[in-house]
Amino acid sequence: MGDQTEATTRDRWGSKIAFIMAAVGFAVGFGNVWRFPSLAYEYGGGAFFIPYIMALLFIGIPLVTLEVSLGQYHQTGDVGVFGSIHRRLKGVGLGSVIAAWVLVTYYAPLIAWVINAFFDSFRNAAIWEDSTGSEAYAYFLEEIIGEKTLGADFLPTRMVWANVGYIAVTWFVVWLCLAWGIEATGKVTYFTMGLPAILIFVFLGRAVSLPGASVGINAYIGEWDMSVLVNQPECWSRAVSQIFFSVGVTFGVLTAFGSYCPRDGPAFQNSIIISVCNSLFSFIAGFAVFAGLGYLAYEEGVELDQVAVSGPSLLFGAYPVVLATLPGGIHWVRLLFFTLFLLGIDSAFALTDAVVTVTADSVPGANLSRKQIVSGWCVLGFLTGLLYATDAGFRFLDVFDFYINFLVIIVGLFECVAVGWIAGLEQQCEELGSKTMLAYIFTTFGSIIAASGVWFGIPADGNALLGGFVTLFVFYLTGMAVTLFLLKKTRDSMPEESQRSWKELLYTLYFKNVQDYVEKIKKQIGYMPFIWGVLIKHVIPPVLIVVFVLGAVATNSEGESVFGHYGGYVAWPYQILGVLTFCFTAATMLVGAAAPDLYNWTFVPQVESSFVGEDEKFPAEESEEQDVEQVDESNPEKAQAEESETVEKPVAVAEPMAAETKAETEAVA
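Residues numbered from 1 in each chain as written. Predicted model: local features only at pLDDT ≥ 70, side-chain atom pairs only at ≥ 80, totals over all residues. Heavy atoms only, no water.

**Details of the overall build of the protein**
Right, so step 1: Along its length, the protein carries 28 helices and 0 strands.
Right, so step 2: In the protein, which comprises 669 residues, the proportion classed as buried is 55%.
Right, so step 3: For the protein, the exposed surface amounts to about 27500 Å²; the carbon and sulfur share of it is 65%. (Helix = DSSP H or I, 4+ residues; strand = E, 2+ residues; numbered from the N terminus. Buried < 20%, exposed > 50% of the residue type's maximum accessible area, 1.4 Å probe, protein only. Areas by Shrake-Rupley, 256 points an atom, 1.4 Å probe, with all protein chains shown as cover.)

**Concerning the pattern of salt bridges**
Where side chains of opposite charge bring their charged atoms close, a pairing between them can arise.
Right, so step 1: Using the criterion set out here, one finds 11 salt bridges in the structure.
Right, so step 2: Close ionic contact of R123 with D120 constitutes a salt bridge, the shortest N to O distance being 3.4 Å. Taken together, the residues R123 and D120, both in helix α6 (residues 90–123) and 3 residues apart, mark about one turn of the helix.
Right, so step 3: Using a relative accessible area of 55% as the deciding quantity, one classes R123 as exposed.
Right, so step 4: Residue R500 is joined to E431 by a salt bridge in which the shortest nitrogen-to-oxygen separation is 2.9 Å. (Salt bridge = Lys/Arg side-chain N within 4 Å of Asp/Glu carboxyl O.)

**Description of a nonpolar patch on the surface**
Right, so step 1: A surface patch of nonpolar side chains, amounting to about 440 Å² of accessible area, comprises I53, M54, L57, F58 and W236.
Right, so step 2: At 4 residues, helix α4 (residues 49–74) tops the list of elements feeding residues into the nonpolar patch. (Patch = residues over 30% accessible without salt bridge, like charges linked within 9 Å, V, L, I, M, F, W, Y side chains within 5 Å.)

**Concerning the packing of helix α20 (residues 393–422) against helix α24 (residues 502–525)**
Right, so step 1: The contact between α20 and α24 brings their axes to 7 Å, and the two run at 100°. Taken together, α20 and α24 sit at an angle that is classed as roughly perpendicular. Across the interface between the two elements, V419, G420 and W421 of α20 pack against N513, V514 and Y517 of α24.
Right, so step 2: Here the residues of the contact of α20 with α24 are counted per class, giving 4 nonpolar, 2 polar and no charged. (Axes fitted to C-alpha atoms, helices over the stretch in contact; angles between N-to-C directions. Parallel < 35°, antiparallel > 145°, perpendicular 65-115°, else oblique. Contact = heavy atoms within 4.5 Å. Nonpolar A, V, L, I, M, F, W, Y, C, P; charged D, E, K, R; others polar.)

**As for α20**
Right, so step 1: Helix length check: α20, at 30 residues, gives a terminal C-alpha distance of 41 Å against a target of 44 Å (1.5 Å per residue), a fit within 8%.
Right, so step 2: Within α20, the axis deviates most sharply at I404, by approximately 25°.
Right, so step 3: With 25 of 30 residues buried, α20 is to be regarded as a mostly interior element.
Right, so step 4: Looking one or two residues beyond α20, the residue adopting positive phi is G424, at roughly 80°. (Expected span 1.5 Å × (residues − 1). Bend = angle between axes of the 7 residues up to and from the residue.)

**Overview of the packing of aromatic side chains**
Each aromatic ring pair is characterised by the separation of its centres together with the angle its planes make.
Right, so step 1: All chains considered together, the criterion is met by 56 aromatic pairs.
Right, so step 2: Here F203 and W332 contribute two aromatic rings whose centre-to-centre distance is 6.0 Å and whose plane-to-plane angle is 55°, an arrangement assigned as tilted. Highlighted residues: F203 in helix α11 (residues 194–208) and W332 in helix α18 (residues 329–360), separated in sequence by 129 residues.
Right, so step 3: Residue classification places W332 among the buried positions, given a relative accessible area of 17%.
Right, so step 4: The positively charged end of R263 is found above the aromatic ring belonging to Y73, 4.3 Å away from the centroid.
Right, so step 5: When the ring centre of F154 is taken as origin, the NZ or CZ atom of R395, which lies over that ring, is 4.3 Å away. (Phe/Tyr/Trp six-rings, centres within 6.5 Å; stacked < 30°, edge-to-face > 60°. Lys NZ or Arg CZ within 6 Å of the ring centre and 35° of its normal.)

**So, unusual backbone geometry**
Working note: non-glycine residues mostly have negative phi, and peptide bonds are mostly trans.
Right, so step 1: Look at the link from W572 to P573: it is a cis peptide, with omega at 5°.
Right, so step 2: You can see P573 is positioned in helix α26 (residues 571–594).
Right, so step 3: Positive phi, normally seen in glycine, also occurs at F154, with a value near 60°.
Right, so step 4: Within the fold, F154 resides in the loop between α8 (133–145) and α9 (161–178).

**A closer look at α26**
Right, so step 1: Along α26, the residues classified as buried are P573, Y574, Q575, G578, T581, F582, T585, T588, M589 and G592.
Right, so step 2: Buried-residue contacts for α26 involve α6, α20 and α25 (530–552).

**Brief notes about the nonpolar core**
Right, so step 1: Membership of the largest hydrophobic core comes to 207 residues, with the highest contact counts inside it found for F251 and F316.
Right, so step 2: Leave out the neighbours within four places in its chain, and F251 touches F26, E67, S96, A99, A100, L103, L351, A354, I404 and V408. (Core = buried A, V, L, I, M, F, W, Y, C linked by side-chain atoms within 4.5 Å.)

**Let's talk about the environment of Y220**
Right, so step 1: Secondary-structure assignment places Y220 in helix α12 (residues 213–222).
Right, so step 2: Taking C-alpha positions, Y220 is 7.9 Å from S38, a pair spaced 182 residues apart along the chain.
Right, so step 3: Among all residues touching Y220, those that are not within four sequence positions of it are F36, P37, A40, G45, G46, F49, S282, F283, G286, F287 and F290.

**Considering the side chain of S38**
Right, so step 1: Within the secondary structure, S38 is located in helix α3 (residues 36–42).
Right, so step 2: Its relative accessible area of 9% is what places S38 among the buried residues.
Right, so step 3: The contact partners of S38, leaving out residues within four places of it in the chain, are F290, V309 and S310.

**Section: the state of the cysteines**
Right, so step 1: Within this structure, the stated rule accounts for 0 disulfides.
Right, so step 2: Left without a disulfide partner, C177 is nearest to the cysteine sulfur of C378, which lies 9.5 Å away. (Disulfide = S-S within 2.5 Å.)

**With respect to the environment of G133**
Right, so step 1: Inspection of the secondary structure assignment puts G133 in helix α8.
Right, so step 2: Counting along the chain gives 174 residues from G133 to V307, while the straight-line C-alpha distance between them is 7.7 Å.
Right, so step 3: With near-sequence residues (within four places) excluded, G133 lies in contact with E300, G317, A318 and V321.

**Focus: the confidence of the model for the protein**
Right, so step 1: On average, the protein scores 89 in pLDDT, and the residues at 70 or more come to 88%.
Right, so step 2: Overall, residues 1–8 carries pLDDT values under 50, and its contacts beyond four positions in sequence, including any with other chains, amount to 6 contacts.
Right, so step 3: In this model, residues 627–669 is a region of pLDDT below 50 whose contacts with residues beyond four sequence positions or in other chains number 27 contacts. (pLDDT = per-residue confidence, 0-100.)

What follows is the structure in structure tokens.
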């Protein structure tokens, strides 16, 4: 492996566009269509875009940048990335992969139901053409998913064999998209993401031309009820949640995708493009959806709020009925289902690739081909998906989709803590003292946890909000007083000639570790703004803690905690499986922290021959430069000099990486 001439480089995207298309295709899914527009409608129309854009700038883009840049820098999947930051963080990477696997095991059946509905439209076109939205959605639940045999307890009673077959078809398509390598996968995304991007404009153009469309669009963005920003403060957390889940962070996908980019690619620029494209798709989809819903309300002679505006009932009830009323209506319905299939399938194979990448980078996976790894996971995915092929499949999906929300928030929190707090922590302890750092960490996280306990742990009234902020400030100021006292003791113990200024000490306390890490990776991945490190360390973790606590203490109409009593489903199998999934993943991360040697098999530390020099390009870019290189061959002396320079550059990059690898190997040993 140490022989540079025998080294093989990591698989690469065919071009930068292929990477962008794949990442955007993963991020854009059903939620962009059925969830985002309804949130704008529910929370003040255009006013909702204020918290949404703020969440995009201060939460979404930084988290996407974190995953893309770390995957690109470390050239490995999530386990290797966080294991490289600290050997006790490998569990964080495993946690993200578990989240990705849980999601794709119920996302594939959702795609299978779309396929079922598509083919069913050729046999039963009348159900879409001659029904109301609620009737069409009831048909989807009872006939397509098979819920007509369910009892009041929603326990499964039979297999829906048609859906078993369609789940098999879905996983076979996923296999086709992944088995031939990441360059082939990138080419697939030109179709799976490119066509839906075109079709959404087709739906938009048709919808806005319908009578009543202006009523729907006005409800979507024309009204700006700014009072909701104060009177309904939950709109802020909903905006954060929408951005957090919409851009697709914490599943290891963007890390895996980033690892297939050249190490010196513009990670920050690419992350902005991915995040903005995802939000633009949601924004445009909102016009298409609400223009159609305005038309449906017009046709049925009802107010817009009497039409389904969100969730599965929108995509599999109201909107197909809207399209069915148009000339050639059933063909519009089929086009909708085909579009949904494309939106779903690239998210499905992206999630699967996150698991495949981590497996390929592990010790056992080193001896397996990509086709073998992809085949194994696809077969396992099909077998796991049989749970959703029962007549209670939609109920299982609903439950797991709820509990995975808690899971990904925890993973996202730990990812930020890894980069913002753990990276460089040992050096901080050496410079400032371990007691100082312990007090600072306890103060930072303890204050926001205590405040959240007051905000959400006591009956909601006017005093809860004020009491939470008082708790936050008192706790933080008291803790920082202790921290500064300990810092002063450390400073006083320094020799007078080497005593550092308070400005230097405070910078070291607040920013130095994360900014040192930024400086380290930007030498390879390019520009990274100072504010990125600030957001990762000081802004995003507190926000995620608040969102997690808000969800964890939420209660239902009977006063019971929603966590463990979600949706009124019975304890077994629904609540127990959901809670166990969360607990198992949390335990996986904790075990990694307590006993890191147990996870030594999970990734192979990258060596110098695995990394690339500054001149590495995407394959497409290399082919474009071949003609230029051939011109220089007419000058033998110049060609020889350039060849020598080309050989030397990877070595220059390899030396620091070799040192890092040696340190990691010694730490593991």
